[in-house]
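# Tertiary structure, described
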Amino acid sequence: METQRKTAIILGATGLTGGILLRLLLEDDRYGKVKLFSRSSTGLSHQKIEEHLGDLMQLEQFEADFTGDEVFCCIGTTKSKTPNKEAYRKIDYGIPVAAAKLSAKNGISSFLVMSSMGANAKSNVFYSRLKGEMEEAVLGENIENTYLFRPSLIGGKREEKRIGELLFKQLMKVVNLVLAGPLEKYRSIKPETIAKAMIRVANGTYTTPIIESDKIKKIAGESD
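Residues numbered from 1 in each chain as written. Predicted model: local features only at pLDDT ≥ 70, side-chain atom pairs only at ≥ 80, totals over all residues. Heavy atoms only, no water.

## Regarding the overall build of the protein
Short version of the rule: Each helix corresponds to a stretch of at least 4 residues labelled H or I by DSSP, and each strand to a stretch of at least 2 residues labelled E; elements are numbered beginning at the N terminus. Under the scheme applied here, a residue whose accessible area is under 20% of the maximum for its type counts as buried, over 50% as exposed, and between as partly exposed, the area being computed with a 1.4 Å probe on protein chains only. Contacts are assigned to residue pairs with any non-hydrogen atoms lying within 4.5 Å of each other.
Scanning the protein for helices and strands turns up 6 helices and 7 strands. When the elements of the protein are put in sequence order from the N terminus, they spell out β-α-β-β-β-α-β-α-β-α-α-β-α. Relative to its full complement of 224 residues, the protein shows a buried share of 46%. Contacts in the protein between residues at least 24 apart in sequence constitute 65% of all its contacts with a sequence separation of at least 6.

Here's what the structure looks like:
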């Protein structure tokens with residue numbers, strides 16, 4: 001008897017990690033449909049893709065179509081793109097939490113979201129505190145399989161130029177060589193590694209909801 005293929009939902013498929021995740025899911029025979037929710041199209045044409053375009057700040061408008069087996073939330077902005085803290089919060093906190101609420105309401109049992117290393121709701125650092133608050137709110141929806149991925153600095157080429165980040169990434173290539181043992185989780189990580197690990201976690205059995213950067217690499221089968 002043929003196993004019924006799953007439906008995955010991606011938020012953030014136009015981003016670096018989300019785009020790679022989309023490609024991997026399209027190549028994965030376990031998935032028969034990939035629903036994309038975003039404000040702009042990926043521009044890709046594939047029989048598995050079902051795009052829903054609109055304002056993600058009003059995610060509830062997609063309630064009827066927000067159905068599937070797994071939600072992969074790869075939403076995130078940067079200080080350079082969104083300097084206003086209120087707008088930043090609406091994206092990095094508001095969208096993932098709204099997605100978790102919709103997932104719980106529609107009976108989706110798996111929710112995987114990209115957070116960040118150092119996420120802590122009690123942190124004095126705005127970015128870390130916001131990610132920590134997001135994590136707490138997502139966990140509060142009590143979705144059966146909830147996983148919070150905390151990658152360190154993400155490598156890879158982006159469409160927009162970030163000179164400071166680019167220089168820091170070059171520095172991290174050298175620093176990675178001396179980060180060993182308990183410091184491994186601070187090594188930079190590839191977006192392909194995160195995407196691969198998210199899919200493996202979605203199709204495996206993991207009891208720990210928080211997955212730090214070094215663990216992400218181990219799950220993906222990569223040492224660096």
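Okay, back to it.
## Observations regarding the pairing of strand 5 (residues 110-114)
Rules: One bridge is not enough; two strands pair if DSSP finds at least two bridges between them. When the strands point away from the viewer and the path from the first strand over the helix to the second turns clockwise, the crossover is right-handed.
With 5 of 5 residues buried, strand 5 is to be regarded as a mostly interior element. The alternating pattern of strand 5 places Ser110, Leu112 and Met114 and Phe111 and Val113 on opposite faces, both of which are buried. Bridge count between strand 4 (residues 70-73) and strand 5: 4 bridges; the pairing is parallel. Bridged to phenylalanine 72 within strand 5 is leucine 112. In the classification by handedness, the crossover that spans strand 4, the intervening helix 2 (residues 85-105) and the parallel strand 5 is right-handed. Note that strand 5 and strand 6 (residues 145-150) share 5 bridges and pair parallel.

## Overview of helix 1 (residues 16-27)
How we decide: Take the residue count of a helix, subtract one, and multiply by 1.5 Å to get its expected span.
Under the 1.5 Å per step criterion, the end-to-end length of helix 1 is 17 Å for 12 residues, consistent within 8% with the ideal 16 Å. Within the span of helix 1, buried status applies to Thr17, Gly18, Ile20, Leu21, Leu22, Leu25 and Leu26. Along its buried surface, helix 1 packs onto strand 1 (6-11), strand 2 (31-38), strand 3 (49-53), strand 4, strand 5 and helix 5 (191-202).

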